[in-house]
Amino acid sequence: MAASHGWLTSLPNQVRHRHLLAVASSVVNHRSAAAASFVVRASSTDASLTEKDCLRRRQVLVGLSSLTAALSWANFASAEDVPENFRAFVDFTDGYAYYYPSDWRDFDYMGHDSAFKDRFAALQHVRVSFIPTEKKDIHDLGSMEEVIFNLVKNIYAAPNQIPSIYEMQERTVDGKNYWTFEYELESPGFSRTAFATIAIGNGRYYTLVVGANERRWTRLRNKLKVVADSFNILDI
């Protein structure tokens, strides 16, 4: 996590969520003034640029890039874009966002950066984690079928579980590739089904998992697919 935003990690997820959306709202409300400031600063240079002028110009370009990213994710979280009965979670510090059911609440899930669960059925939840990677794109891991099969069989499934993979999909958004797949882990007397979305960006390998008890899966599948398909990476 970026050092300048380290204090955010000490806050509960829901408080951090409100702060991030407040930041997004503030960016939108001030976009005209900020854009004008950038134009003025960028156009103040001339043919005889000094070293100080060049540094200032680079800072302007970096700031403009950050503003563009913030506006994009502010739009993602705006009320008119969020599906009915969902809320948006946007994390500018760690560079990702997704939708989750509006009646779910945040909770701490060990080893994960954010998580939300149903108020009454704890097994119905979404969680996001990430690890460092030198890979630049999800395709650098191998073929989609090979990577997903290995994940489900050797990483997600416990020794006493029987894994099944039902569906694999790829989507590309703003040049970033995402793999989403549906799988089931069957244990003696119990089964859990889930969607997972994996992607690479910002030097991180992101994983979102959203699932439920197999007995409730048919009723919840379409709702949870919205969550899985909503995951997106923000450049940081």
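Please read these numbers as outputs of a predicted model, since none were measured by experiment. (Residues numbered from 1 in each chain as written. Predicted model: local features only at pLDDT ≥ 70, side-chain atom pairs only at ≥ 80, totals over all residues. Heavy atoms only, no water.)

**Quick word on the sheet that holds strand 1 (residues 86-91)**
In a beta sheet, neighbouring strands are held together by backbone hydrogen bonds and run either parallel or antiparallel to one another.
Then, in step 1: In spatial order, the strands read 1-2-10; together these 3 strands make up an open sheet with antiparallel pairing. Edge positions in the sheet fall to strand 1 and strand 10 (232-233), since each has one partner strand and no second.
Then, in step 2: For strand 1 and strand 2 (residues 96-101), the ladder comprises 6 bridges, and the chain directions are antiparallel. Opposite arginine 87, over in strand 2, you have tyrosine 100 as the bridge partner. (Pairing = 2+ DSSP bridges. Helix = DSSP H or I, 4+ residues; strand = E, 2+ residues; numbered from the N terminus.)

**Some remarks on the confidence of the model for the chain**
Then, in step 1: Predicted confidence across the chain gives a mean pLDDT of 77, with 66% of residues reaching 70 or more.
Then, in step 2: Note on residues 1-49: pLDDT under 50 across the span, and 62 contacts to partners over four residues away in sequence or across chains.
Then, in step 3: Taken together, the stretch residues 57-68 has pLDDT below 50 and engages in 12 contacts with residues farther than four places along the chain or on a different chain. (pLDDT = per-residue confidence, 0-100. Contact = heavy atoms within 4.5 Å.)

**Here we look at the layout of surface pockets**
Then, in step 1: As a volume, the second largest pocket reaches approximately 380 Å³.
Then, in step 2: Considering the residues around the second largest pocket, the lining is formed by 20 residues, among which Arg127, Ile155, Tyr156, Thr207 and Val209 are closest to the centre.
Then, in step 3: Looking at the lining of the second largest pocket, the elements with two or more residues in it are strand 5 (125-132), helix 4 (144-156), strand 7 (176-187), strand 8 (190-201) and strand 9 (204-213).
Then, in step 4: Its residues placed into classes, the lining of the second largest pocket shows 12 nonpolar, 6 polar and 2 charged. (1 Å grid on protein atoms, 1.4 Å probe; cavity = no way out; pocket = protein on both sides within 12 Å on 5 of 7 lines; lining within 4 Å. Points joined across faces, edges and corners; volume = space filled by probe spheres on them. Nonpolar A, V, L, I, M, F, W, Y, C, P; charged D, E, K, R; others polar.)

**Digging into helix 5 (residues 214-230)**
Then, in step 1: Along helix 5, the sharpest change in direction is near 75° and occurs at leucine 220.
Then, in step 2: N-cap assignment for helix 5: the residue whose side-chain oxygen lies 2.9 Å from the backbone N of arginine 215 is asparagine 213. (Bend = angle between axes of the 7 residues up to and from the residue. Polar contact = N/O pair within 3.5 Å; in protein donor to acceptor, adjacent residues only side chain to side chain.)

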